[in-house]
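Summary of the model geometry
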Protein chains: 2
Amino acid sequence: MFLILVYDFGEKRVGKALKICRKYLHWVQNSVFEGEISKANFVKLKKELELLMDPEEDSIILYTFRSQKFSKREIMGLEKGNIDFIL
Amino acid sequence: MFLILVYDFGEKRVGKALKICRKYLHWVQNSVFEGEISKANFVKLKKELELLMDPEEDSIILYTFRSQKFSKREIMGLEKGNIDFIL
């Protein structure tokens, strides 16, 4: 399935959250990740983030699609995640 | 069409960006908005944000879908946008 993940983590945890998400997804922008992911990895990813997060302070939103396809993605301004595709 | 918008604005502009996005969309979480939007309003929304944003510092990502349907949305942790649905 295709996943779009957006997170909002406290400063102390955001570096670790980024590292976890990049294991499974492409980093699109600051706090936005996307990619194809298996059901098993989706469960793993959520478990890892759950262990890390402070549920009183952090938040994650996960949009799942049976197959990729948002019709279109547009970016305005900085494309902070781009380095991910270059590396 | 259905739109998911995620933004990352500098502190000075984020309040205004929130206000603009809430005119057109539901506030789902901290920096995430979604909703049905007409093509005309989509153009207006982007124009308003373009006028506000500092393209060297801010960023916006827009996912558009012909019709609503992410299969599913899951939220972990805080649901910061919820107040929007209550008001």
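Quick summary incoming for the structure in this document.

Definitions and limits used
- Residues numbered from 1 in each chain as written.
- Chains lettered and ligands numbered in written order.
- Predicted model: local features only at pLDDT ≥ 70, side-chain atom pairs only at ≥ 80, totals over all residues.
- Heavy atoms only, no water.
- Contact = heavy atoms within 4.5 Å.
- Buried area = accessible area lost by both parts, 1.4 Å probe.
- Salt bridge = Lys/Arg side-chain N within 4 Å of Asp/Glu carboxyl O.
- Polar contact = N/O pair within 3.5 Å; in protein donor to acceptor, adjacent residues only side chain to side chain.
- Helix = DSSP H or I, 4+ residues; strand = E, 2+ residues; numbered from the N terminus.
- Nonpolar A, V, L, I, M, F, W, Y, C, P; charged D, E, K, R; others polar.
- Buried < 20%, exposed > 50% of the residue type's maximum accessible area, 1.4 Å probe, protein only.

Brief notes about the interface of chain A and chain B
Taken residue by residue, the interface counts 37 residues in chain A and 37 residues in chain B. Counting the surface lost from both chain A and chain B, the interface buries some 3000 Å², and carbon and sulfur atoms represent 56% of this. Linking chain A with chain B are two salt bridges. Scanning the region where chain A abuts chain B turns up 15 residue pairs in polar contact (both at pLDDT 80 or more). Contributing elements (two or more residues each) for the side of chain A that touches chain B: strand 1 (2–8), strand 2 (26–29), strand 3 (32–36), helix 2 (39–52), strand 4 (59–65) and strand 5 (72–77) of chain A. With seven residues, the top contributor of residues to the side of chain A that touches chain B is strand 4 of chain A. Class assignment of the residues belonging to the side of chain A that touches chain B gives a composition of 17 nonpolar, seven polar and 13 charged.

Description of the pattern of salt bridges
Two side chains of opposite charge can pair, provided their charged atoms sit close to one another. The tally for this structure, following the rule as stated, stands at twelve salt bridges over all chains. Note that B:E74 and A:K46 form a salt bridge whose closest N and O atoms lie 2.8 Å from each other. With B:E74 in strand 5 (residues 72–77) and A:K46 in helix 2, this residue pair bridges two chains. Its relative accessible area of 17% is what places B:E74 among the buried residues.

The values reported here are purely geometric and, on their own, carry no functional implication.
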